Amino acid sequence: MSRPALEVADIFRDHGAAWRSANAGHVSLDQLKVMSAIERCRTAALGGHVARCEDCSHTLIAYNSCRNRHCPKCQGAAAKEWLAEREAELLPVPYFHVVFTLPAALRDIAYQNKAVVYDLLFKASAETLLTIAADPKHLGARIGFISVLHTWGSTLIHHPHVHMIVPGGGLSPDRSKWVACRPRYFLTVEVLSALFRRLFLEMLLAAHRAGRLQFFGDHAALANKTAFERRLKPLRNSKWVVYCKRPFAGPRQVLRYLSRYTHRVAISNRRLISADQNGVTFRYKDYRLDGTARYKTMTLATGEFIRRFLIHVLPKGLHRIRHYGLLAKANRAANIAHARELLAAPSPSKEPEPSAATPDEQRVLPCPCPCCGGRMIIIETFARGCHPTRYPTPASQEIRIDTS
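None of these values were measured; they are calculated from a predicted model. Numbers given to residues run from 1 along each chain, matching the order in which its sequence is written. Local features in this predicted model are restricted to residues of pLDDT 70 or higher, and side-chain atom pairs are both shown and tallied only at a pLDDT of 80 or more, whereas totals for entire chains, interfaces and linings draw on every residue. Side-chain calculation: all heavy atoms of the structure are included, whereas hydrogens and water are not.

(A) View of the sheet that holds strand β13 (residues 376–382). Strands pair, by our definition, only if DSSP identifies at least two bridges between them. Strands are runs of DSSP state E lasting at least 2 residues, helices are runs of H or I lasting at least 4, and numbering of each runs from the N terminus. Within the open sheet, the 3 strands sit side by side as β2-β1-β13. Their pairing is antiparallel. With partners counted over all chains shown, the strands left at the sheet margins are β2 (59–63) and β13, one partner each. Neighbour-to-neighbour, the strand axes of the sheet open up by a mean angle of 30 degrees, direction not taken into account. Both strand β1 (residues 48–53) and β2 contribute to a ladder of 5 bridges, which runs antiparallel. When the bridges of β2 are listed, H49 appears paired with A62. Here an axis means a line fitted to C-alpha atoms, over the contact stretch when the element is a helix, while the angle between two N-to-C directions is reported on a 0 to 180 degree scale.

Put into C-alpha cells, the structure is as follows:
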C-alpha cells in the first residue's frame, strides 16, 4: 500500500514545536508523549534496518515504528494480530452492532475526568446489555460481547461512545441450551436507553460523592454537590442515544467491521487532503445526510487541528477494548467451546504452532522486494538517532515499514 502524500506526523513535525510553545502549561504529559512518538515514528530517531534483495540487490532503508496506540501508522500490525485471535472465536449466529453514546451535556465532564468517566461508560453500557438480555421478558440468556471505546466524531470533536459487537443470542440460565434472539432483532433500544441512563447517572453521582471527579475552569463550581446534581437533573428525563444496527451478513462482515473499528485512531492519514497557510483540510462524513451528500471536506486552523487530535489521547493504562459476559477473558475459551457444542458447530481447525525462526529467517523483512518480489535480507541494523552506513538504491525512495 502506497504511503499517503500527507500524514499527521508531517503536520506535527512542521507545526508541533510552535504549538507546544504557544500552549505551554495546557498540554498534558500524555499528549506530549504522543506528539513526540508520532513525530519520530519511522525516522532515524528510532533506528532501523538496511535490507537488500537477495535476487536483484535492490537496497532500501526500513525505519522502526513508534508503536504508540494513537499513531495513525502503527495500528495495522496490532489489528491483524488481534483479529486473527478473534476469528477463532466467531460463532455461527447473527452478530449485532450496538452503540451507546454519552450525551453532549456530559462531554466536558468526561474530558476533565477521562479515566473515571470512560470507565463508567464501559461499565454502565455493559451492565445495561447484560441485564436486559438476562431478563426473560426480552431474551432470557447470558450473552457476551466486545466493547470498543471511541471518543471522536468524524470532525474530531469530543464525542465519547462505545461500539459493541454482540452475538445474537446466549446461554440459558442453566447453560443447557443456546437461546437465539429473533431474526434481525436483538433488544429494544428504548429499554436499553432508559436503563443505561439510570445506571450511568447513578455511577456518576457515586463517583462525585467519593471525590473521584475533578473540575477546572468554567466547570469548577461543579465540585459542589448541589451544583453537580442540578447539572444532571435535566438528563434524567432526556433521551439517551442507544443504537442497534441490523445484523451483519456473516462472519466475514463482522471481522471486516472489527478491523475498521478496534484499532482506529481519531483520524487516518488517508483522510488528510492538504496542510498549508489556510490550515489542515480533511475529509469527513456528515451522518445526518444519506448517499454521496454525506461526504464533505473541512478545513481547520493548524493549531485547532492539533488540539482536536490530542483531545482523544487516552489516559495511560486505560483499556479501550474490553470483553464482557461469555467473552470475558477468564472463561472465554470454555464458554465458546460450550456454545459451539450447543449450536452443533465444528470447532475451528487449529493451525500448527509456528516453529522458532532460524537466524536467517529472523533477518528477512516481512515485505518482498519492490522490484522483483524477492526476499529482502537485513544487512545492517542501526540504533536510535544513528544513520546507516549503507545507502538505498539510487533513484529509489526509502520505505518506512514496521520492522521493530
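(B) Geometry of the environment of T43. Checked against the element boundaries, T43 lands in the loop between α2 (29–40) and β1. Sequence separation between T43 and K177 is 134 residues; the distance between their C-alpha atoms is 55 Å. Only 2.6 Å separates the side chain of T43 from the backbone oxygen of R40, close enough to count as a polar contact. Distance and chemistry together define a polar contact, namely a pair of N or O atoms within 3.5 Å, with one atom able to donate a hydrogen and the other to accept it when in protein, and with adjacent residues in sequence counting only for side-chain atoms on both sides.

(C) Inspection of helix α10 (residues 332–342) at higher detail. Summary of the burial criterion: residues with accessible area below 20% of their type's maximum are buried, those above 50% are exposed, and those between are partly exposed, where the area comes from a 1.4 Å probe applied to protein chains only. Within α10, burial applies to R332, N335, I336, A339 and R340. Seen end-on, α10 carries its buried residues on one side only, within an arc spanning 135 degrees. For α10, exposure combined with an orientation more than 90 degrees from the buried face picks out A333, A334 and E341. At its buried positions, α10 is contacted by α3 (76–87), β6 (169–171), β7 (178–180) and β12 (321–325). A344, located one to two residues past α10, shows a positive phi value of around 55 degrees. Here the arc refers to the directions that run from the helix axis out to each C-beta atom. Working rule for contacts: check all heavy atoms of both residues, and any pair within 4.5 Å makes them a contact.

(D) Representation of the pattern of salt bridges within the structure. By salt bridge we mean one thing: a side-chain nitrogen of Lys or Arg within 4 Å of a carboxyl oxygen of Asp or Glu. Tallied over the full model, the rule gives 14 salt bridges. With a closest N to O distance of 3.3 Å, E89 and R332 form a salt bridge. In this pair, E89 is assigned in the loop between α3 and β3 (95–101) and R332 in helix α10, connecting sequence segments 243 residues apart. For the pair shown, E89 and R332 are each scored as buried. Overlapping salt bridges, with partners in common, bring together R86, E89 and R332 in one network.

(E) A look at the packing of aromatic side chains. Each Phe, Tyr or Trp ring, with Trp reduced to its six-membered ring, pairs with another whose centre is within 6.5 Å; inter-plane angles below 30 degrees give stacked pairs, above 60 give edge-to-face pairs, and intermediate values give tilted ones. According to the stated counting rule, one finds 10 aromatic pairs in the structure shown. Relative to F228, the ring of F215 lies with its centre 5.8 Å away and its plane at 50 degrees, an arrangement referred to as tilted. One end of the pair, F215, is in the loop between α6 (189–209) and α7 (225–232); the other, F228, is in helix α7, with 13 residues separating them in the sequence. We classify F215 as buried; its relative accessible area is 10%. Judged by relative accessible area, which is 0%, F228 ranks as buried. Working rule: Lys NZ or Arg CZ, within 6 Å of ring centre, within 35 degrees of ring normal, means a charge sits over the ring. Of note, R86 hangs over the ring of W82, and the distance from its end group to the ring centre comes to 4.9 Å.

(F) Fine view of the state of the cysteines. Note on terminology: pairs of cysteine sulfur atoms within 2.5 Å are recorded as disulfides. By the definition in use, this model includes 0 disulfides. The thiol sulfur of C41 is not disulfide-bonded, and the nearest other cysteine sulfur, from C74, lies at 3.5 Å.

(G) Spatial organisation of the sheet that holds strand β8 (residues 242–245). Taking strand neighbours across the sheet as the criterion, the 5 strands line up as β8-β3-β5-β4-β12 in an open arrangement whose pairing is antiparallel. With one partner strand each, in any of the chains shown, β8 and β12 form the two edges of the open sheet. Strand after strand, the sheet turns through a mean of 20 degrees between neighbouring axes, direction not considered. Relative to β12, strand β4 (residues 144–152) is paired through 5 bridges, and the arrangement is antiparallel. The partner of F145 across the bridge, within β12, is Y324.

(H) Structural detail: the nonpolar core. Take the buried residues of types Ala, Val, Leu, Ile, Met, Phe, Trp, Tyr and Cys, join any two whose side-chain atoms come within 4.5 Å, and each joined set is a nonpolar core. Membership of the largest hydrophobic core comes to 52 residues, with the highest contact counts inside it found for L106, L129, L139, F186, F200, L204 and F228. Of all the secondary structure elements, the ones that give two or more residues to this core are β3, α4 (107–112), α5 (114–134), β4, β5 (158–167), α6, α7 and β8. A total of 11 residues in this core trace back to one element, the largest contributor, which is α5. With residues near it in sequence (within four places) discarded, F228 still touches I109, L204, L205, H208, L213, F215 and L222. With 27 residues, the next largest nonpolar core counts V34, L300, I306 and L310 among its residues.

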